[in-house]
Amino acid sequence: MIAPTQIMKPKNWQDFEKLCKLLWGEIWNCSDSIKQHGRQGQAQHGVDIYAYVEKYVGYCGIQCKGKDDYTNAQLTEVEIDNEIDKAKTFSPKLKRFIFATTANKDAVIERYIRQKDMECIGQGLFHVDVFSWEDIVDLLERERTDRKSTRLNSSHHDISYA
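Keep in mind it's a predicted model, so treat the numbers as computed, not measured. (Residues numbered from 1 in each chain as written. Predicted model: local features only at pLDDT ≥ 70, side-chain atom pairs only at ≥ 80, totals over all residues. Heavy atoms only, no water.)

Asker: Explanation requested: the layout of surface pockets in the structure shown.
Answerer: With a probe scaled to a water molecule rolled over the atoms, the places where space remains empty come into view. Computed from the structure, the second largest pocket encloses a volume of approximately 380 Å³. Of all the secondary structure elements, the ones that give two or more residues to the lining of the second largest pocket are helix H1 (13-27), strand E3 (58-65) and helix H2 (77-87). Among the residues forming the lining of the second largest pocket, the class breakdown is 4 nonpolar, 11 polar and 6 charged. (1 Å grid on protein atoms, 1.4 Å probe; cavity = no way out; pocket = protein on both sides within 12 Å on 5 of 7 lines; lining within 4 Å. Points joined across faces, edges and corners; volume = space filled by probe spheres on them. Helix = DSSP H or I, 4+ residues; strand = E, 2+ residues; numbered from the N terminus. Nonpolar A, V, L, I, M, F, W, Y, C, P; charged D, E, K, R; others polar.)

Following this line, the structure appears as structure tokens:
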């Protein structure tokens, strides 16, 4: 059995946003064009990070929610609704809207996000998803493994003897 990867949560929201920008830049294959949206204090329309993603043929946005690990703080349905309402005003229209959070996995919130996803799709809007800290660690591990595998495969040379 392989031990789960242990990665410490970022100490502040700025580091968490940077981590999300780097991670989704790799996942979406847009590391050169993914951006943090505006600056602190500006209206961001619910979007902290955005990029045009070829795979989805449109813009995708991420709302980063750092949560205090000591109090076991979680996303709330009210927070989700408020951020989705703001994201509806992002221009151009989003194809995907992701909540990335340092909060631990929560089945109640995951169910609520699935319901909001179906609701938004039904309204002709964007897909909605959530990635808790455990999900983010899994993505980080996958990216690390994929990169290692790619390096190994690209450095493999066929040797022929004449």
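Next comes the rest of the description.
Asker: How should empty space enclosed by the protein be read in this particular structure?
Answerer: The full count for this structure, using the stated rule, is 1 cavity of 30 Å³ or more. Roughly 70 Å³ of volume is contained in the largest cavity. Around the largest cavity, the lining residues are Gln-74, Leu-75, Thr-101, Ala-103, Asn-104, Lys-105, Asp-106, Ile-109, Glu-110, Val-130, Ser-132 and Asp-135.

Asker: Before we go on, may I ask you to explain the environment of Lys-67 in this structure?
Answerer: Topologically, Lys-67 is positioned in the loop between E3 and H2. Classification of Lys-67 as buried rests on a relative accessible area of 18%. Residues Lys-67 and Ala-103 lie 36 residues apart in sequence; the distance between their C-alpha atoms is 5.3 Å. (Buried < 20%, exposed > 50% of the residue type's maximum accessible area, 1.4 Å probe, protein only.)

Asker: What exactly am I supposed to notice about H2 here?
Answerer: Because each turn of an α-helix spans 3.6 residues, side chains separated by three or four positions end up pointing in the same direction. For H2, every residue scored as buried is listed here: Glu-79, Ile-80, Glu-83, Ile-84 and Ala-87. The buried side chains of H2 occupy one side of the element, clustering within an arc of 125° when seen end-on. Where H2 is buried, its residues touch E3, strand E4 (94-101), helix H3 (107-122) and strand E5 (127-131). (Arc of directions from axis to C-beta. Contact = heavy atoms within 4.5 Å.)

Asker: It is not clear to me how the pairing of E5 should be interpreted in this structure. Could you clarify?
Answerer: Consecutive side chains of a regular strand alternate in pointing toward one face of the sheet and then the other. Note: E4 against E5, 5 bridges, orientation parallel. Bridging across to E5, Phe-97 finds its partner in Val-128. Crossover connection from E4 via H3 to parallel E5: handedness right-handed. (Pairing = 2+ DSSP bridges. Right-handed = clockwise from strand over helix to strand, strands pointing away.)

Asker: Is there a simple way to think about the packing of aromatic side chains in this case?
Answerer: Here a ring pair, both rings aromatic, is described through the centre-centre distance and the interplanar angle of the planes. A complete count under the given rule lists 7 aromatic pairs for this structure. Judged by centre distance (5.3 Å) and plane angle (75°), the rings of Trp-24 and Phe-131 are edge-to-face. One end of the pair, Trp-24, is in helix H1; the other, Phe-131, is in strand E5, and 107 residues separate them in sequence. Side by side, Trp-24 and Phe-131 carry an identical accessibility label, which is buried. When the centroid spacing of 5.1 Å and the interplanar angle of 70° are considered together, the rings of Phe-97 and Phe-99 count as edge-to-face. Judged by relative accessible area, which is 0%, Phe-97 ranks as buried. Put simply, the rings of Tyr-50, Tyr-52, Tyr-59 and Phe-90 touch in pairs and so form one group of aromatic residues. (Phe/Tyr/Trp six-rings, centres within 6.5 Å; stacked < 30°, edge-to-face > 60°.)

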